[in-house]
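# Examination of the molecular architecture
What follows is each chain in one-letter form.
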Amino acid sequence: MFIISSIFEKDYILDDLNKRWLLNQYKKSKEFIIAWIYWKTDLKLRKPEKDWIYSFRINKQFRAFCYLQWNNLVVYKIDNHQ
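Okay, so let's go over this structure.

### Notes on the pairing of strand β5 (residues 72-80)
Looking at chain direction, strand β1 (residues 6-9) and β5 are connected through four bridges and run parallel. Across the sheet, residue phenylalanine 8 finds its bridge partner in β5, namely valine 74. Sheet topology note: the strand β4 (residues 62-69)/β5 ladder contains eight bridges and is antiparallel. Across the sheet, the residue bridging to arginine 63 is aspartate 79, located in β5. Hairpin connection between β4 and β5: a loop of two residues separates the two successive antiparallel strands, and tryptophan 70 in this loop has a positive phi of roughly 60 degrees.

Listed below in structure tokens is the structure:
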């Protein structure tokens with residue numbers, strides 16, 4: 001896989017996480033990814049793979065969509081998968 005050194009969010013993401021009461025769960029998922037425990041958050045490349053969009057699980061209901069920028073992930077969307 002690849003090594004991720006840090007995870008950044010767009011400005012509106014933190015407001016969205018606070019509104020949905022997901023901030024603590026998001027921080028925990030973020031720590032797992034930085035510690036290279038990818039299987040715990042189900043970090044995966046979305047299809048079509050040519051777009052290079054990744055997602056990881058925050059909890060059973062929500063996923064964070066992000067893209068890779070050098071060794072950093074940039075989160076741009078929180079999605080409800082139910």
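### A closer look at unusual backbone geometry
Cis geometry is found at the peptide bond from lysine 47 to proline 48, where omega equals 0 degrees. Topologically, proline 48 is positioned in the loop between β2 (44-45) and β3 (53-57). Positive phi, close to 60 degrees, is recorded for tryptophan 21, a residue that is not glycine. Within the secondary structure, tryptophan 21 sits in the loop between α1 (11-19) and α2 (23-34).

### Focus: the sheet that holds β3
The mixed open sheet is built from five strands, whose spatial order is β1-β5-β4-β3-β2. Each edge of the open sheet is held by one strand with a lone partner, namely β1 and β2. Sheet analysis places β2 next to β3, joined by two bridges and oriented antiparallel. Note that in β3 the partner of lysine 44 across the bridge is serine 55. Sheet contacts for α1: β1 and β5; angle to β5, the most-contacted strand, approximately 40 degrees. Relative to β1, α2 is tilted by about 145 degrees, and along the sheet it contacts β1, β3 and β5.

Conventions adopted
Residues numbered from 1 in each chain as written. Predicted model: local features only at pLDDT ≥ 70, side-chain atom pairs only at ≥ 80, totals over all residues. Heavy atoms only, no water. Pairing = 2+ DSSP bridges. Helix = DSSP H or I, 4+ residues; strand = E, 2+ residues; numbered from the N terminus. Contact = heavy atoms within 4.5 Å. Axes fitted to C-alpha atoms, helices over the stretch in contact; angles between N-to-C directions.

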